[in-house]
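# Fold and contact review
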Amino acid sequence: MIGGRTKVCMILGHPLKHTRSPLMHNAAFAALGLDYVYVPLEVKPEGLSAVIQALREMENFGGANVTVPHKVHVMEYLDGKSQDAEAIGAVNTLYKRGGELWGENTDGRGFIASLQEEGEFLPQGKRVMLLGAGGAARAVIQALTWEGAEKIYLVNRTLRKAEELASSSNRETGRSSLVPMGFDDPLFPDRLQECHLLINSTSVGLSGDDSPLFDYRLLPSTLLVYDLIYDPELTPLLRAARQQGCGILNGLAMLVHQGALSFEIWTQRRPPVERMREAVGPIKFT
Ligand code: NAP
């Protein structure tokens with residue numbers, strides 16, 4: 001029950017019609033009997049700074065998630081950022097520290113936890129193909145690099161973005177594990193065959209009308225295919241991968257684990273991950 005002592009958590013983004021975060025976090029608060037509530041706050045970019053200022057004044061602020069399109073811009077309004085947020089260059093979690101408003105990014109560690117727990121996959125020494133070079137890809141690259149992936153083929157429609165991201169990441173690590181490619185690269189089919197994991201971090205698959213990113217009949221059955229999209233739960237890529245005999249995971253896996261890490265920051269309690277998983281819907285399909 002919401003009362004006078006209830007702490008208020010929220011997700012800031014635009015649009016938010018399809019978000020499952022309120023469902024997941026309210027189920028988690030209820031499971032632990034915590035006096036918290038989590039609500040969607042649909043905010044356009046031009047309103048972000050005013051909303052952040054209001055959060056500073058809110059004495060019952062419990063914490064917030066930040067999603068598209070605010071993850072980068074929100075950083076300029078904060079008092080401090082964690083090392084993960086600095087390294088990824090984006091924030092997905094807000095919390096109060098003393099009287100200050102701080103930003104964290106749980107996407108990278110949440111992604112790795114989901115790979116290990118839901119996918120039973122350890123990236124160390126593995127070859128990965130990552131489709132997309134936007135905000136989600138940055139968190140995934142950071143996390144896979146920390147975990148010692150051997151090679152990451154970074155494939156993007158705009159090759160220049162993949163090249164820039166790969167060269168900045170290779171410069172930071174002093175290794176050349178990131179290799180940029182276009183979808184039309186003649187080596188694409190061979191590289192795909194040699195990988196253990198394929199991740200889709202593009203927005204292709206969100207709409208039923210999207211054309212496929214490549215010929216999905218090329219998918220080898222040995223691949224684990226992880227689509228960061230969760231609405232629809234089964235994208236055309238995941239459907240094709242299942243037909244080819246691959247293991248598949250959808251974006252609910254990452255949603256749950258990045259959310260669990262945010263929950264822990266806000267409440268200082270161990271998150272009820274199983275309950276959060278049940279609340280969001282199916283992650284694995286056979
Ligand atoms: P973003 O920064 O806007 O990046 C979008 C990426 O998609 C870019 O690489 C873009 O390529 C590519 N793309 C868009 N349309 C394309 C097309 N028609 N053909 C080929 N490539 C196309 O978005 P983001 O924040 O990284 O998010 C990407 C996806 O990850 C979204 O679907 C989002 O829902 C999902 N996501 C899920 C979670 C989770 O918890 N499950 C968390 C974060 C994000 P260009 O560079 O060529 O434009």
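Residue positions are given per chain, counting from 1 as you read along its sequence in written order. Totals for whole chains, interfaces and linings use every residue, but because this is a predicted model, local features are given only for residues with pLDDT of at least 70 and side-chain atom pairs only at 80 or more, for both listing and counting. Computation of side-chain values: all heavy atoms of the structure, hydrogens and water removed.

### Quick word on the sheet that holds strand 9 (residues 178-181)
Ordered in space as 9-8-7-10-11-12, the 6 strands form an open sheet in which the pairing is parallel. Strands with a single pairing partner mark the edges of an open sheet, and in this sheet they are strand 9 and strand 12 (247-249). Sheet twist, expressed as the average angle between the axes of neighbouring strands with direction ignored, equals 20 degrees. For two strands to count as paired, DSSP must find a minimum of two bridges between them. Starting at the N terminus, helices and strands are each numbered in turn, a helix being any DSSP run of H or I of at least four residues and a strand any DSSP run of E of at least two. Here 5 bridges tie strand 7 (residues 127-131) to strand 8 (residues 151-155), and the two strands are oriented parallel to one another. Angles run from 0 to 180 degrees between N-to-C directions of axes, and those axes are lines fitted to C-alpha atoms, restricted for helices to the stretch in contact.

### Points about the layout of surface pockets
One number sums up the size of the largest pocket: a volume of about 1,600 Å³. Every definition here rests on a 1 Å grid over the protein atoms only: cavities are sets of points where a 1.4 Å probe fits but cannot get out, pockets are open sets enclosed by protein on both sides within 12 Å along at least five of seven lines, and lining residues have some atom within 4 Å of a point. If you go around the largest pocket, you meet 48 residues; those closest to its centre are T67, V68, A136, S203 and L206. Elements represented by at least two residues in the lining of the largest pocket include exactly strand 3 (61-66), helix 5 (135-146) and helix 9 (252-267). Broken down by class, the residue content of the lining of the largest pocket amounts to 21 nonpolar, 20 polar and 7 charged. Grid points are joined across faces, edges and corners, and a volume is the space filled by probe spheres set on the points. Under the scheme applied, nonpolar residues are Ala, Val, Leu, Ile, Met, Phe, Trp, Tyr, Cys and Pro; charged residues are Asp, Glu, Lys and Arg; polar residues are all the others, including Gly.

### Quick word on the domain arrangement of the chain
Partitioning the chain into structural domains gives domain 1 (7-105) and domain 2 (109-252). Here the C-alpha centroids of domain 1 and domain 2 sit 27 Å apart. In this analysis, two residues are considered to be in contact whenever any of their non-hydrogen atoms come within 4.5 Å of each other. Listed by partner, the interface residues are 7 residues for domain 1 and 9 residues for domain 2. When two parts are brought into contact, each loses some accessible area as probed by a 1.4 Å sphere; the total of that loss over both is the buried area. It is R20, D84 and I88 in domain 1 that bury the most area against domain 2; as a group they hold 67% of the surface buried on that side. A pair is scored as a salt bridge if a Lys or Arg side-chain nitrogen falls within 4 Å of a carboxyl oxygen belonging to Asp or Glu. Summed over the shared surface of domain 1 and domain 2, the result is 2 salt bridges. We note a salt bridge from D84 to R109, for which the minimum N-O separation is 3.1 Å. A 3.5 Å cut-off defines polar contacts: any pair of N or O atoms within that distance qualifies, except that in protein one atom must be a possible hydrogen donor and the other a possible acceptor, and neighbouring residues in sequence count only when both atoms are side-chain atoms. For the pair domain 1 and domain 2, the number of links is 3 residue pairs in polar contact (both at pLDDT 80 or more). Looking at the side of domain 1 that touches domain 2, the element that brings in the most residues is helix 3 (residues 83-88), giving 3 residues. Boundaries of every domain are those given by an automatic assignment or by a domain database.

### Some thoughts on the side chain of N156
Its place among the elements puts N156 in the loop between strand 8 and helix 6 (159-173). Of the polar contacts made by the side chain of N156, one reaches the backbone oxygen of T158; its length is 3.1 Å. Leave out the neighbours within four places in its chain, and N156 touches G132, A133, K161, A162, M181, G182 and F183.

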